[in-house]
Amino acid sequence: SSIREKGIRVLKTTPPISQRVVRKGGLIEETYNLFKNWKDEMSFDQNFDHTFLGSFRSEAWRKEVYSTLRRRFRDLKTAKPLIVLAHSGYDISDWKYCLHFYIAIHETLYRLFLATWLYPEYQSGRSSLRTEDAVQHVLSVWKSNNPGNIPLSEYGAIRTARDLLRMARDFGLLEGEGSTKTFSSVHLSDEVILYFCHIIASEENSASRVLTSELWKLVLVSQDQVHAHLLRLHQYRKLEYHVAGSLVELTLPCASASEYAERMVA
């Protein structure tokens, strides 16, 4: 079940927006290692301790990583496809896009940044982005999503804008080390596109809504590009895709993202 917010599908279970998870970033390698060593018969805490015993530079950083991942993967059922892929050694350079999509869907602050600010900037043809360019967006999102809470300070807004841009950079959407970032040319494999299709079909409760889903904005893919991807995948017989006017018929190879993840690593 879901509600819609500014045209973006939002999970009803979404908590108030938090700077914390964005500040810690993607934690791509840590998450990959955790899931690569994952044992279903163990709890999250047991898996975490088993994977990272003695591998953190300090106890304080161990606690930061633990609390961020614990919060990020509160519902492990939704993370099952990521676990399946990492556990089977799926290449981290493609796996990180799957993790990015998960975080973008489930974490409000990052999702709204991508869908209502970064994607429009990308579509406008803008080449470089600075931290201060995103500050107004952060202040407005904070105000509308945390009503009644203490407003974000100017420093808090600058820091959050910087963290959001850095997170998008860590996942390969942007590049650049300093305060100015530029858009990367992201190459998504057919397999990853198909994986996204299964995730979106599940989120939208319908395969036919994959083409028009707003969730593609989270990976900076336009509807025209989705159409081109689906046509090509249809030609390669990876899925079935037929369009007649406004009628879309899409048949995906698997019943769920988890089932498709199993196929990806078979």
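Below: a short report on this structure.

### Regarding the side chain of His 229
When you line up the elements, His 229 lands in helix α11 (residues 223-235). Residue class for His 229 comes out buried when judged on its relative accessible area of 18%. Non-local contacts of His 229, meaning those with residues more than four positions away in its chain, are made with Ile 193 and Val 221.

### Topic: the pairing of strand β6 (residues 240-244)
The two faces of the sheet receive side chains in turn, since in a regular strand these alternate between them. Bridge count for β6 against strand β7 (residues 247-251) is five bridges, and the pairing is antiparallel. From the neighbouring strand, Val 243 faces β7, where its bridge partner is Val 248. Where β6 folds back onto β7 in an antiparallel hairpin, the turn is made up of two residues, including Gly 245, whose phi is positive at roughly 65 degrees.

### Comments concerning the packing of helix α10 (residues 190-203) against α11
Relative orientation of the contacting elements α10 and α11 amounts to 110 degrees, with a least axis distance of 11 Å. By the angle class used here, α10 and α11 are roughly perpendicular. Listed contacts from α11 to Asp 190, Ile 193, Leu 194 and Cys 197 of α10 are His 229, Leu 230, Arg 232 and Leu 233. Residues belonging to the contact of α10 with α11 are distributed by class as follows: five nonpolar, one polar and two charged.

### Brief notes about the state of the cysteines
Think of a disulfide as a covalent bridge from one cysteine sulfur atom to another cysteine sulfur atom. Scanning the model with the defined rule gives zero disulfides in all. Free cysteine Cys 98: the closest other cysteine sulfur is in Cys 197, separated by 12 Å. Not engaged in a disulfide, the cysteine Cys 254 finds its nearest cysteine sulfur in Cys 197; these two sulfurs lie 12 Å apart.

### As for the sheet that holds strand β3 (residues 128-130)
Strands pair in a sheet through their backbones, by hydrogen bonds, and they do so in one of two ways: parallel or antiparallel. An order of β3-β5-β4 is seen for the three strands of this open sheet, with the pairing classed as antiparallel. This sheet does not close on itself; its edge strands, each paired only once, are β3 and β4 (174-175). Across two bridges, the pairing between β4 and strand β5 (residues 180-183) is antiparallel. Counted as the bridge partner of Glu 175 is Thr 182 from β5.

### Some thoughts on the environment of Phe 196
Examined against the element boundaries, Phe 196 turns out to sit in helix α10. For the pair Phe 196 and Leu 247, spaced 51 residues apart in sequence, the C-alpha separation works out to 21 Å. Non-local contacts of Phe 196, meaning those with residues more than four positions away in its chain, are made with Tyr 97, Cys 98, Phe 101, Leu 188, Trp 216 and Val 219.

### Points about the side chain of Asn 47
As for its position among the elements, Asn 47 is in helix α3 (residues 44-52). Side-chain polar atoms of Asn 47 contact the backbone oxygen of Met 42, separated by 3.2 Å. Residue contacts for Asn 47: discarding those within four places in its chain leaves Leu 34, Asn 37, Trp 38, Lys 39 and Met 42.

### Regarding unusual backbone geometry
Backbone geometry places Leu 220, a non-glycine residue, at a positive phi of 55 degrees. Here Leu 220 shows up in the loop between α10 and α11. For Leu 220, a relative accessible area of 7% gives the class buried. Although it is not a glycine, Arg 237 adopts a positive phi angle of roughly 60 degrees. One can find Arg 237 in the loop between α11 and β6. Under the relative-accessibility criterion, Arg 237 is labelled exposed at 77%.

### Remarks on the pattern of salt bridges
Taken as a whole and assessed by the stated rule, the structure comprises 17 salt bridges. Here Asp 133 and Arg 126 are joined by a salt bridge, their closest N and O atoms 2.7 Å apart. Given a relative accessible area of 17%, Asp 133 falls into the buried group. Classification of Arg 126 by relative accessible area gives partly exposed; the value is 30%.

Rules used in this analysis
- Every chain's residues receive numbers from 1 upward, in the order its sequence appears when written.
- The model is predicted, so local features are restricted to residues of pLDDT at least 70 and side-chain atom pairs to those at 80 or more, both for listing and for counting; the totals for chains, interfaces and linings are taken over all residues.
- Note: side-chain values were computed over all heavy atoms of the structure, leaving out hydrogens and water.
- Secondary structure counts use DSSP, requiring at least four H or I residues in a row for a helix and at least two E residues in a row for a strand, with both numbered from the N terminus.
- Type-normalised accessible area, obtained with a 1.4 Å probe on protein chains alone, sets the label of each residue: buried when under 20%, exposed when over 50%, and partly exposed for intermediate values.
- When checking whether two residues touch, look at their non-hydrogen atoms; a contact exists if any pair is within 4.5 Å.
- The criterion for strand pairing is that DSSP finds at least two bridges linking the strands in question.
- Only the contacting stretch of a helix is used when fitting its axis, a line to C-alpha atoms as for every element, and angles between N-to-C directions run 0 to 180 degrees.
- Any angle between 65 and 115 degrees counts as roughly perpendicular, while under 35 counts as roughly parallel, over 145 as roughly antiparallel, and the rest as oblique.
- Residue classes follow a fixed rule: Ala, Val, Leu, Ile, Met, Phe, Trp, Tyr, Cys and Pro count as nonpolar, while Asp, Glu, Lys and Arg count as charged, and any other residue, Gly among them, counts as polar.
- In plain terms, two cysteine sulfur atoms within 2.5 Å form what is called a disulfide here.
- Two N or O atoms count as a polar contact when they lie within 3.5 Å, although within protein this holds only if one can serve as hydrogen donor and the other as acceptor, and sequence-adjacent residues are included solely when both atoms are side-chain atoms.
- Salt bridges are defined as contacts in which a side-chain nitrogen from Lys or Arg sits within 4 Å of a carboxyl oxygen from Asp or Glu.

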